[in-house]
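Coordinates in review
Residues per chain, in single letters:
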Amino acid sequence: LIKLAFAGVVVIGMSGCALRAPAYQVSINNVEELKRTDIHPVKIGSFAVKSGAAGGTSINLRANPMSSPVGSSYADYLADAMRKELELAKKLAPQANFEITGVLLQSDVDVAMGTASGYMEAQFVVKQDGVVKFDKVKRGDHRWDSSFVGAVAVPAAQQNYPVIVQNLLSALYSDIDFQKAL
């Protein structure tokens, strides 16, 4: 009986625990970039996950699956992040003629010992009155110091995930073609 109980504890301990990504923290640099550019107000359209996309709904941080705190996918997380930054920049308008939609292509975090890294890649489309003005794939990457110890490395990876999204949005906002489209 003691061996059986011990085996149960080991199996439960090895299965990891479900985590949620932290709420998106707005990047002041991204908001300033949006304010600096002379873009029209926009509305946020649909954001989806490409069928079979890695990291679309869950990302493994070692043995711990991390899910989005917004909606049911990381596409929802990305749309919410963009909405927050556009709103702070006073560029969000639900009735605007310009609309941004997106497809999350892939997202992953490698909680390696020494240096951890992560990325998110998405296709963004800008339409004006239904006509496509911009259609590009953008990627955001981020690296940070990691640890051999999972109890240190996993929370660090969890806390660094929003920076990956900030970097992806920065790549989008600073794109001259994106700015011209709006």
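Refer to the structure presented above.
Summary of the structure given here. (Residues numbered from 1 in each chain as written. Predicted model: local features only at pLDDT ≥ 70, side-chain atom pairs only at ≥ 80, totals over all residues. Heavy atoms only, no water.)

Overview of the nonpolar core
Put simply, the rule is: Definition of nonpolar core: a set of buried residues of the types Ala, Val, Leu, Ile, Met, Phe, Trp, Tyr and Cys, connected through side-chain atoms within 4.5 Å. Only protein chains enter the accessibility calculation, which uses a 1.4 Å probe; a residue whose area is less than 20% of its type maximum is buried, one above 50% is exposed, and one in between is partly exposed. Numbering of helices and strands runs from the N terminus, with a helix taken as a DSSP run of H or I at least four residues long and a strand as a DSSP run of E at least two residues long.
Counting 46 residues, the largest nonpolar core has Met82, Phe124 and Tyr161 as its most contacted members. If one sorts the elements of this core by residue count, helix α4 (residues 150-173) sits on top with 10 residues.

Things to note about the packing of helix α3 (residues 74-88) against α4
Stated precisely, the cut-off is as follows: Only the stretch in contact is used when a helix axis is fitted, and all axes are lines through C-alpha atoms; the angle between N-to-C directions ranges over 0 to 180 degrees. Relative orientations are named as follows: roughly parallel for angles under 35 degrees, roughly antiparallel for angles over 145 degrees, roughly perpendicular for angles from 65 to 115 degrees, and oblique for any other angle. Crossing chirality is assigned from the near helix's rotation relative to the far helix, an anticlockwise turn below a right angle marking it left-handed and a clockwise turn marking it right-handed. Any two residues whose heavy atoms approach within 4.5 Å at even a single point are treated as in contact. Polar here means any residue other than Ala, Val, Leu, Ile, Met, Phe, Trp, Tyr, Cys and Pro, which are nonpolar, and Asp, Glu, Lys and Arg, which are charged; Gly is therefore polar.
Running from N to C, α3 and α4 point in directions that differ by 60°, and their axes come no closer than 11 Å. Judged on the interaxial angle alone, α4 and α3 are oblique. By crossing handedness, the relation of α3 to α4 is classed as right-handed. In this structure, α3 uses Tyr74, Tyr77, Leu78, Ala81, Met82 and Glu85 to contact α4, whose residues at the interface are Tyr161, Pro162, Val165, Leu168, Leu169, Leu172 and Tyr173. Class assignment for the residues of the contact of α3 with α4 results in 12 nonpolar, no polar and 1 charged.

Regarding a nonpolar patch on the surface
To keep it simple, the criterion reads: Patch criteria: residues need more than 30% relative accessible area and no salt bridge. Like-charged residues are merged within 9 Å; nonpolar side chains of Val, Leu, Ile, Met, Phe, Trp and Tyr are merged within 5 Å. For the area figures, the Shrake-Rupley method with a 1.4 Å probe applies, and any residue is considered shielded solely by the protein chains shown. Just to be clear on terms, a salt bridge is a Lys or Arg side-chain nitrogen sitting within 4 Å of an Asp or Glu carboxyl oxygen.
On the surface, Met113, Phe148, Val149 and Val152 cluster together into a nonpolar patch covering about 430 Å² of accessible area. Residue position: valine 152 is located in helix α4. Owing to a relative accessible area of 48%, valine 152 belongs among the partly exposed residues under this scheme.

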